[in-house]
Amino acid sequence: MNQVYLNGEYLPREEARISVEDRGFLLSDGVYEVTPAYSGRFFRIPHHQCRLAGGLEALRIAHPLDQMEEVHRQLLRRNGLEDEEVATVYYQVTRGVAPRSHHFPLDPVAPTIYATASAFKRPARSRWEEGYGAITVPDRRWSRADLKTISLLPNVLAQQAAAEAGVKDALMVREGVALEGAHNNVFFVFGEQVVTHPATQRILHGITRGYVLELAGKEGFQVVERPVQIEEVAEASEIFFTGTTTEIRPTVQVDGRPVGHGVVGPVTRHLYDAFLAGVPREVGLIPAGAPQG
């Protein structure tokens, strides 16, 4: 039986209830995080806490995060996911229950906190090696894409367009700049450079994105953070997306046209192998000083 967390209680998912006057339900007034765990060890949970805290502060929702990690651990344990190769915990905070209005409640209300855990299955390496497709879509989000809010309708419509096109990812474009995916960040390889959009208000500051930037530097690649014009996309020799439930995903065609030679490139493959080797060290499954291989 799947156990969830709701406002201080652990209970079966089918018993979880929220009020119809919850501002998350009525107004998408809230933020969320998705944190991965590898064999029961959470990947960079302080980074996820910090990003969630920033979102709460920006939305002016008062919610201490001192219990967040314990809720994550309890959900893994209660759902039998401590030994799962990869699992994720979804953690959402809304402003809470109040009569519907476009301004904040006049009297303080308790936020609504909901969390759930599930297993994540990464694709077989053989499937990964085939690569994936993407399409470009207009970015119709609001101007604070750096906040991980639950207001995801533009992302949903973009990802639906990708699904209807039979591809895996939607590459969002605004004012001629290729920004990121509908639910992940994007990287381009130009010659010796690994390029991604800088961490501005136009993109989500992905935790996996940050880790891949570090990995690329450690692996000797030249890393550049700059806007990528849509015209440049056709010039990239490799493209890949990154995210909690994306990890590193190679893109071999965009809008039906091949990326580079139309196959997974050496930089993407190198970084994915480094990711698979590095994450166990990052979460403490392998001692930092242990030899590789």
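Above this text is the structure in question.
Residues numbered from 1 in each chain as written. Predicted model: local features only at pLDDT ≥ 70, side-chain atom pairs only at ≥ 80, totals over all residues. Heavy atoms only, no water.

Concerning empty space enclosed by the protein
If you walk through the whole model with that rule in mind, you get one cavity of 30 Å³ or more. Considering only enclosed or pocket space, the largest cavity measures out at about 40 Å³ in volume. Around the largest cavity, the lining residues are Ser 237, Glu 238, Ile 239, Pro 250, Thr 251, Val 259, Val 263, Val 264, Gly 265 and Thr 268. Of all the secondary structure elements, the ones that give two or more residues to the lining of the largest cavity are strand E14 (238–243) and strand E15 (247–254). (1 Å grid on protein atoms, 1.4 Å probe; cavity = no way out; pocket = protein on both sides within 12 Å on 5 of 7 lines; lining within 4 Å. Points joined across faces, edges and corners; volume = space filled by probe spheres on them. Helix = DSSP H or I, 4+ residues; strand = E, 2+ residues; numbered from the N terminus.)

Re the packing of aromatic side chains
For the structure shown, the criterion picks out eight aromatic pairs. Between the aromatic rings of Phe 187 and Phe 240, the centroid separation amounts to 5.0 Å while the plane-to-plane angle is 5 degrees, which identifies the pairing as stacked. Here the residue Phe 187 occupies a position in strand E10 (residues 185–190), and Phe 240 occupies one in strand E14, the gap between them amounting to 53 residues. Every member of this aromatic cluster is reached through a ring pair, and the members are Tyr 38, Phe 43, Tyr 211 and Phe 275. One residue, Arg 95, lies across the ring of Phe 104, its end atom 3.6 Å from the ring centre. (Phe/Tyr/Trp six-rings, centres within 6.5 Å; stacked < 30°, edge-to-face > 60°. Lys NZ or Arg CZ within 6 Å of the ring centre and 35° of its normal.)

Thoughts on the layout of surface pockets
In this structure, the largest pocket spans a volume of roughly 640 Å³. Contributing to the lining of the largest pocket are 34 residues, with Tyr 32, Lys 148, Ala 182, His 183 and Leu 204 lying nearest its centre. Among the elements that line the lining of the largest pocket, the one with the most residues is helix H5 (residues 153–164), at four residues. In terms of residue class, the lining of the largest pocket is made up of twelve nonpolar, 17 polar and five charged. (Nonpolar A, V, L, I, M, F, W, Y, C, P; charged D, E, K, R; others polar.)

Points about unusual backbone geometry
Across the chain, the bulk of peptide bonds are trans and the bulk of non-glycine residues have phi less than zero. For Glu 247, which is not glycine, the phi torsion reads 55 degrees and is therefore positive. Looking at the element boundaries, Glu 247 is found in strand E15. The phi torsion at Asp 255 lies on the positive side, around 55 degrees, for a residue other than glycine. By the element assignment, Asp 255 lies in the loop between E15 and strand E16 (257–258).

Remarks on the side chain of Glu 247
For Glu 247, a relative accessible area of 2% corresponds to the buried category. Only 2.8 Å separates the side chain of Glu 247 from the side chain of Arg 122, close enough to count as a polar contact. In this view, Glu 247 contacts Tyr 38, Phe 120, Arg 122, Thr 208, Phe 241, Thr 242, Tyr 272 and Phe 275; residues no more than four positions away in its chain are not counted. (Buried < 20%, exposed > 50% of the residue type's maximum accessible area, 1.4 Å probe, protein only. Polar contact = N/O pair within 3.5 Å; in protein donor to acceptor, adjacent residues only side chain to side chain. Contact = heavy atoms within 4.5 Å.)

What to know about the environment of Ala 199
The residue Ala 199 is located in the loop between strand E11 (193–196) and helix H6 (207–218) in this model. Between the alpha carbons of Ala 199 and Arg 209 there is a distance of 9.8 Å; along the sequence they are ten residues apart. Contacts of Ala 199, omitting those with residues within four sequence positions, involve His 205, Arg 209 and Glu 225.

Section: the environment of Lys 148
Along the polypeptide, Lys 148 turns up in the loop between strand E7 (132–138) and H5. For Lys 148, a relative accessible area of 15% gives the class buried. Contact partners of Lys 148, with chain neighbours within four places excluded, come to Val 31, Tyr 32, Glu 33, Val 34, Arg 51 and Leu 204.

Brief notes about the packing of H6 against helix H7 (residues 266–282)
For any two helices packed against each other, one specifies the inter-axial angle together with the distance between the axes. The geometry of H6 relative to H7 is characterised by a closest axis approach of 10 Å and an angle of 110 degrees between their N-to-C directions. Judged on the interaxial angle alone, H7 and H6 are roughly perpendicular. Contacts between H6 and H7 involve Thr 208, Tyr 211, Leu 215 and Ala 216 from the former and Leu 271, Ala 274, Phe 275, Gly 278, Val 279 and Glu 282 from the latter. (Axes fitted to C-alpha atoms, helices over the stretch in contact; angles between N-to-C directions. Parallel < 35°, antiparallel > 145°, perpendicular 65-115°, else oblique.)

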